[in-house]
Amino acid sequence: MSRLKSSLPEKLAAAVKTTVAEWQASGKMQRLWQRDASLWTGDDEAKWLGWLDITEEQISHPVELRNLAKEVWSAGFKDALLLGMGGSSLCPEVLRMTFGKTPGYPNLHVLDSTDPAQVKEFENKIDIARSLFIVSSKSGSTLEPNIFKQYFFERAKQVVGADKAGSHFIAITDPDSKMQEVAEQDRFRHIFFGRSSIGGRYSALSNFGMVPAAVIGLDTKKFLDRTQEMVRACGSAAPVEENPGAVLGIILGTAAQSGRDKVTIITSADISDLGAWLEQLLAESTGKVGKGIIPVDRERIAAPEVYGTDRVFVYVHTEHATDVVVDAKVAALEKAGHPVVRISMADVYDLGAEFFRWEIATAVAGSILGINAFNQPDVEASKIATRNLTSEYEKNGSLPAEKPVLEDSGVKLFTDEKNSFALAKAAAGDKSLAGYLKAHLNRIRTGDYFAVLGYIQMNAEHEKSLQTIRHAVRDKKQVATCLGFGPRFLHSTGQAYKGGPNSGVFLQVTCDDALDLPVPGQKYTFGVVKAAQARGDFQVLIDRGRRALRVHLGRDVNAGLATLTAAVQEALE
């Protein structure tokens, strides 16, 4: 089973030891397994703990997953395209990137972006006539999976005929959801149900993770058996100091209480996408009522002196994929006195065990922070803002007009009146892109974090540009940095950005779409939806009093990114 070792500063180590003893003496792990809501806030937490025994249920009913794997193999599907968002897409994406393609089984693709260029890219990747579409939506009412389904179901009807289109689709959804109704009406090949007592980000070991795993030919029995070992180790009978989930959660929660609330995730190359799943679990679970843990993923490791005293580093790796360079850098962090947690997995089939360990750890950390670890109030706020904008488009045929606060070098800047006044005052007479960016970045203080929120196509070239920006800011300001692509981060880190501590400085990046795609049955297009999501996201950031600036690149995204990158570098000089 995955091993955990920690190297903590003396004061933090003492606090962790005290908290472990308190959890043991108070029987808090027993209360967790008894679904005692008073362990958190005494609200509705008890109704969201179905994930505690889902692994046991999956193991005791293996036939459904085994039969699905056989059926997919026999049908000869070349591609499988999962249409989802947040908790329904991040685990399948981790499995896809970790396990790759199994001979005889389809190649899995995961679409979780409304960017029209991205939707078209996925359409071009697959052979629709030989593809299986997995529509994954817990509530059945989430905007993105619904419009993905509308688009690709229409394309399937055009390619294979209306009478056969349904046989190319399966649904994963909760019982009695709107998606179940749609799937039955359109005669989907299968409907697999989730548990209503499991929230999306805790659903990796339910059908939301295991159905896609079966589709790609993963040995689900081996995967779940390994997971069950961790479930037992995290059970109520184990002493807290020996409980791998409780120990990790106590370290993270205690560290966050002491100001070390930026959990920096480092992984070995073979599990590189695990951080994206952990981002959602940690941020959406803990980032609320002004508290929270801010996860930092895909940030390049730097020298120890670059980091402040607000960090905790977690290094997760498999035994056979260790990197001597990374190991040396992590050892340097430990030597310099930074808190480091090391988790060693036997191999990639320990991923399920890590999913469960981190779910327990997140629930424990949430208890220590005194928050409800299972709701997401500020995600709902963004959804409402987006829905209001798309409704306006359906009514009037356009989104509300906007006026930039600055236009320079083909790039426009937008923000609200309060932020605009602060930036204009700080920039003084420098009415340039670099001048306003300098004013914005100078608002970053010790203990803050900087987040780049990109509502542009998620590809290697764009990510490289945005990574250059985040690392330039990290190295100059010596603060934690985050990078997310919209709208996927809305269902993930977006909760902590809006509901967590007001320590974030945000740079949202939007563009005009060179290509747009219709949403069948709607006036709005994918491009309009993405624009509404970006505006809705920004509006909620502003409503929460965040320091936020939106950069609009225009139609030529690559040229716009080059201009933005140069301006950021000038602003940091």
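Residues numbered from 1 in each chain as written. Predicted model: local features only at pLDDT ≥ 70, side-chain atom pairs only at ≥ 80, totals over all residues. Heavy atoms only, no water.

### What to know about the packing of aromatic side chains
For step 1, the next point in the chain: The tally for this structure, following the rule as stated, stands at 24 aromatic pairs.
For step 2, the next point in the chain: Look at phenylalanine 99 and tyrosine 349: their rings are 5.0 Å apart centre to centre, the planes differ by 65 degrees, and that puts the pair in the edge-to-face class. Taken as a pair, phenylalanine 99 in helix α5 (residues 90-99) and tyrosine 349 in the loop between β10 (340-345) and α14 (351-369) lie far apart in primary sequence, 250 residues in all. With respect to burial, phenylalanine 99 and tyrosine 349 carry one shared label: buried. (Phe/Tyr/Trp six-rings, centres within 6.5 Å; stacked < 30°, edge-to-face > 60°. Helix = DSSP H or I, 4+ residues; strand = E, 2+ residues; numbered from the N terminus. Buried < 20%, exposed > 50% of the residue type's maximum accessible area, 1.4 Å probe, protein only.)

### Some points on the packing of helix α10 (residues 220-233) against α14
For step 1, the next point in the chain: Direction vectors running N to C along α10 and α14 enclose 35 degrees, while the axes themselves pass 7 Å from each other. The chirality of how α10 crosses α14 is right-handed. For the pair α10 and α14, contact is made by Phe223, Arg226, Thr227, Met230 and Val231 and by Leu351, Gly352, Ala353, Glu354, Phe355, Phe356 and Arg357, respectively.
For step 2, the next point in the chain: Residues that form the contact of α10 with α14 fall into these classes: seven nonpolar, two polar and three charged. (Axes fitted to C-alpha atoms, helices over the stretch in contact; angles between N-to-C directions. Left-handed = near helix turned anticlockwise from the far one by under 90°. Contact = heavy atoms within 4.5 Å. Nonpolar A, V, L, I, M, F, W, Y, C, P; charged D, E, K, R; others polar.)

### Some points on the side chain of glutamine 228
For step 1, the next point in the chain: With respect to the helices and strands, the residue glutamine 228 is situated in helix α10.
For step 2, the next point in the chain: Judged by its relative accessible area of 13%, glutamine 228 is buried.
For step 3, the next point in the chain: Among all residues touching glutamine 228, those that are not within four sequence positions of it are Thr55, Glu56 and Ile59.

### Details of the side chain of lysine 28
For step 1, the next point in the chain: Its location among the elements puts lysine 28 in helix α2 (residues 28-33).
For step 2, the next point in the chain: Overall, lysine 28 belongs to the buried group, its relative accessible area being 16%.

### Examining the sheet that holds strand β16 (residues 547-552)
For step 1, the next point in the chain: Strand order in the open sheet made by the six strands is β11-β12-β16-β15-β13-β14, with mixed pairing throughout. Edge strands, defined here as strands with exactly one partner in the open sheet, are β11 (406-408) and β14 (480-485). Taking the axes of each pair of neighbouring strands and ignoring which way they run, one obtains an average angle of 20 degrees across the sheet.
For step 2, the next point in the chain: Bridge count for strand β12 (residues 411-414) against β16 is three bridges, and the pairing is antiparallel. Across the sheet, the residue bridging to lysine 412 is histidine 552, located in β16.
For step 3, the next point in the chain: Sheet strands touched by helix α18 (residues 460-477): β13 (449-454), β14 and β15 (504-510). Its angle to β14, the strand with the most contacts, is close to 160 degrees. (Pairing = 2+ DSSP bridges.)

### A word on the pattern of salt bridges
For step 1, the next point in the chain: This model, assessed by the stated rule, comprises 38 salt bridges.
For step 2, the next point in the chain: Note that glutamate 463 and arginine 298 form a salt bridge whose closest N and O atoms lie 2.8 Å from each other. Highlighted residues: glutamate 463 in helix α18 and arginine 298 in the loop between β8 (294-296) and β9 (311-318), separated in sequence by 165 residues.
For step 3, the next point in the chain: Residue classification places arginine 298 among the partly exposed positions, given a relative accessible area of 29%.
For step 4, the next point in the chain: Arginine 535 serves as the salt-bridge partner of glutamate 402, at 3.3 Å between the closest nitrogen and oxygen. Of this pair, glutamate 402 sits in the loop between α15 (377-396) and β11 while arginine 535 sits in helix α20 (residues 526-543), and the two are 133 residues apart along the sequence. (Salt bridge = Lys/Arg side-chain N within 4 Å of Asp/Glu carboxyl O.)

### Points about the layout of surface pockets
For step 1, the next point in the chain: Taken as a whole, the largest pocket encloses approximately 1,100 Å³ of empty space.
For step 2, the next point in the chain: Taken together, 50 residues line the largest pocket, and the ones lying closest to its centre are Ser139, Ser141, Thr142, Leu143 and Lys383.
For step 3, the next point in the chain: Looking at the lining of the largest pocket, the elements with two or more residues in it are α7 (143-160), α8 (178-185), α12 (274-286) and α15.
For step 4, the next point in the chain: For the lining of the largest pocket, a count of residues per class yields 14 nonpolar, 24 polar and twelve charged.
For step 5, the next point in the chain: Estimated volume of the second largest pocket: approximately 490 Å³.
For step 6, the next point in the chain: Elements supplying a minimum of two residues to the lining of the second largest pocket: α5, β3 (107-111), α6 (116-125) and α18.
For step 7, the next point in the chain: Among the elements that take part in the lining of the second largest pocket, α6 stands out by supplying four residues, more than any other. (1 Å grid on protein atoms, 1.4 Å probe; cavity = no way out; pocket = protein on both sides within 12 Å on 5 of 7 lines; lining within 4 Å. Points joined across faces, edges and corners; volume = space filled by probe spheres on them.)

### Focus on the nonpolar core
Nonpolar side chains in soluble globular proteins tend to be buried together.
For step 1, the next point in the chain: Counting residues in each nonpolar core, the largest one holds 93 residues, and the members touching the most others are Trp277 and Trp358.
For step 2, the next point in the chain: Looking at which element gives the most residues to this core, the answer is α14, with twelve residues.
For step 3, the next point in the chain: Among all residues touching tryptophan 277, those that are not within four sequence positions of it are Leu90, Cys91, Val94, Arg201, Ala204, Phe355, Trp358 and Glu359.
For step 4, the next point in the chain: Counting 35 residues, the second-largest nonpolar core is a separate cluster that includes Leu423, Leu549, Val557 and Ala571. (Core = buried A, V, L, I, M, F, W, Y, C linked by side-chain atoms within 4.5 Å.)

### Overview of the pairing of β9
For step 1, the next point in the chain: For β9, the tally of buried residues reaches eight of eight residues, placing the bulk of the element in the interior.
For step 2, the next point in the chain: Here β9 shows a buried face lined by Arg311, Phe313, Tyr315 and His317 and a second buried face lined by Val312, Val314, Val316 and Thr318.
For step 3, the next point in the chain: In this structure, strand β7 (residues 262-267) lies alongside β9, joined through six bridges in parallel fashion. Bridge assignment links isoleucine 266 to a residue of β9, and that residue is tyrosine 315.
For step 4, the next point in the chain: Where β9 lies against β10, six bridges are found, and the strand directions are parallel. Looking at the pairing, valine 316 lines up with isoleucine 343 of β10.
For step 5, the next point in the chain: Taken together, β9, helix α13 (residues 324-335) and β10 form a β-α-β motif whose crossover is right-handed. (Right-handed = clockwise from strand over helix to strand, strands pointing away.)

### A closer look at empty space enclosed by the protein
For step 1, the next point in the chain: Scanning the model with the defined rule gives one cavity of 30 Å³ or more in all.
For step 2, the next point in the chain: By volume, the largest cavity is sized at about 140 Å³.
For step 3, the next point in the chain: Along its surface, the largest cavity is lined by 13 residues, and Glu279, Gly484, Phe485, Arg488 and Phe489 are the ones closest to its centre.
For step 4, the next point in the chain: Put simply, the parts of the chain that give the lining of the largest cavity at least two residues each are α12 and β14.
For step 5, the next point in the chain: Among the elements that make up the lining of the largest cavity, the one with the highest residue count is β14 (three residues).

### Concerning the sheet that holds β7
For step 1, the next point in the chain: If you trace the five strands from one edge of the open sheet to the other, you get β1-β10-β9-β7-β8, paired in mixed fashion. Each having just a single partner strand, β1 (3-7) and β8 make up the two edges of the open sheet. Here the average twist between neighbouring strands, direction ignored, is 20 degrees.

### Some remarks on the environment of lysine 120
For step 1, the next point in the chain: Here lysine 120 shows up in helix α6.
For step 2, the next point in the chain: Given the relative accessible area of 26%, lysine 120 is considered partly exposed.
For step 3, the next point in the chain: A sequence separation of 397 residues divides lysine 120 from leucine 517, and the C-alpha atoms of the two residues are 8.0 Å apart.
For step 4, the next point in the chain: Beyond its immediate stretch of four places on either side in the chain, lysine 120 contacts Tyr151, Leu515 and Leu517.

Note that every value here comes from positions in space, so none of it alone points to a role or purpose.
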